[in-house]
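Fold and geometry: a report
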Amino acid sequence: MEPFDPTTHPHRRYNPLTNTHILVSPHRTKRPWLGQTEPAEPSNLPQYDPACYLCPGNTRAGGKVNEMYTSTVVFENDYAAVLPPPGPVTPQAAHPLLTVEPIQGGCDVVCFHPRHDLSLPTLSVSDVENIVDEWTRVYMRRGTELGIKYVQIFENKGAMMGCSNPHPHSQVWSLSTVPTLPAKELTSLHNYASTTHVHSGVPTGPDGHACLLCEYVHHELSVPEDEGRIVVTNEHFVALVPWWAYWPFEIMVLPHKRHISSLVHFTVDEKHAFADIMSRVTKRYDNIFSCSFAYAMGVHQRPLPPRRDDDGMFVKDADDIAHLHVHFEPPLLRSASVRKFLAGFEVMAEPQRDLTAEQAAKTLRNCSEVHYL
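A brief look at the structure comes next. (Residues numbered from 1 in each chain as written. Predicted model: local features only at pLDDT ≥ 70, side-chain atom pairs only at ≥ 80, totals over all residues. Heavy atoms only, no water.)

Attention shifts here to the sheet that holds strand β14 (residues 352–353). Read across the open sheet, the three strands follow the order β1-β2-β14; overall the sheet is mixed. One side of each edge strand has no neighbouring strand; the edge strands of this open sheet are β1 (11–15) and β14. By the bridge criterion, two bridges tie strand β2 (residues 20–24) to β14 in an arrangement that is parallel. Pairing of Leu23 across the sheet is with Gln352, part of β14. (Pairing = 2+ DSSP bridges. Helix = DSSP H or I, 4+ residues; strand = E, 2+ residues; numbered from the N terminus.)

Attention now goes to the state of the cysteines. One pass over the structure, following the stated rule, counts zero disulfides. Here Cys367 is not cross-linked by a disulfide; its sulfur's nearest cysteine counterpart is in Cys291, at 11 Å. Cys367 sits in the buried class, given a relative accessible area of 11%. (Disulfide = S-S within 2.5 Å. Buried < 20%, exposed > 50% of the residue type's maximum accessible area, 1.4 Å probe, protein only.)

One can find Phe266 in the loop between β9 (251–255) and α4 (268–288). By relative accessible area, Phe266 is classed as buried at 13%. In this structure, the C-alpha to C-alpha distance between Phe266 and Thr136, residues 130 residues apart in sequence, is 9.9 Å. Ignoring sequence-local partners within four residues, the contact set of Phe266 consists of Val132, Phe237, Ile260, Lys271, Phe274 and Leu324. (Contact = heavy atoms within 4.5 Å.)

Our focus in this paragraph is α4. Its 21 residues give α4 an end-to-end C-alpha distance of 31 Å, which sits within 8% of 30 Å, the value for a rise of 1.5 Å per residue. The buried count for α4 comes to 17 of 21 residues, which makes it a mostly enclosed element. Two residues or fewer after α4 comes Ser290, characterised by a positive phi angle close to 50°. (Expected span 1.5 Å × (residues − 1).)

Following this line, the structure appears as structure tokens:
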């Protein structure tokens, strides 16, 4: 029997964050493609679009007029997915299998910049720092509102990811419950901390307990580059293709020097390093296929910001086990026009990918950090 080769032989990988598996089929990268192709994302947008609902001074779809902003700006989403309290009382379930629960909250839009033609990879690092500051302010403001239990920061970039407007922006949804995916991750982080001994030399979570992501990133940093999954690092953060990645060029960004629970916990140097690595990752993305690279991006951290005591110090609690990280999940696979689809087996059985995480990381490492435009 021939020895196992992860670059050739199909295998399953375990995702300890969500307690799920993914089927990896590297031999399928050679199959021909005669399926659907996507139109190219426009790369020649105007600096100002009079028809854009997000450009400065323009009237939004709901009738409100944008201020003449000159930097990052925030406003409430005119078509929010959840509404503020109080909400109506839900009726009693007709059957125990048909339960319904009310949910309230709010949705905000964070415009990155007044220019219509820019995005994270083409903004300066200082502009990205402004965005991080705005995310932090919204997280703090929404996270202290009565009834809010979770704040999710995310960006949909590109029409194929469902973005309805190319003007650079992200969203922040605040909810009266913790959603499914972050709840799974938090459960996994708690379980790991309560059942695992800390390995020597690894940063620890709260009260010296083991942190799943501290342990994971410490291991990844020890793997030789030509065998590993790391794409880029700086003084405080690492960007890597996770061992369990599902999307072709999926990336996770996370701190590697210490356990950081939320944006609020950043030092000045860490905030700058975070903005730097977000810029460098997205530049590499655009340079893979010389296009505006579509993705879904989300920040996972403490469900809510920490409370402070009378001396202004953070009050420790169980949510400190959260380890801040960013998920980038892009759909493009073979070119600027060929994407990965969520197809039959993945819908009915479990996630599957062809390109290995190591192959994807190598492709990304080989991309320039000088934007192709």
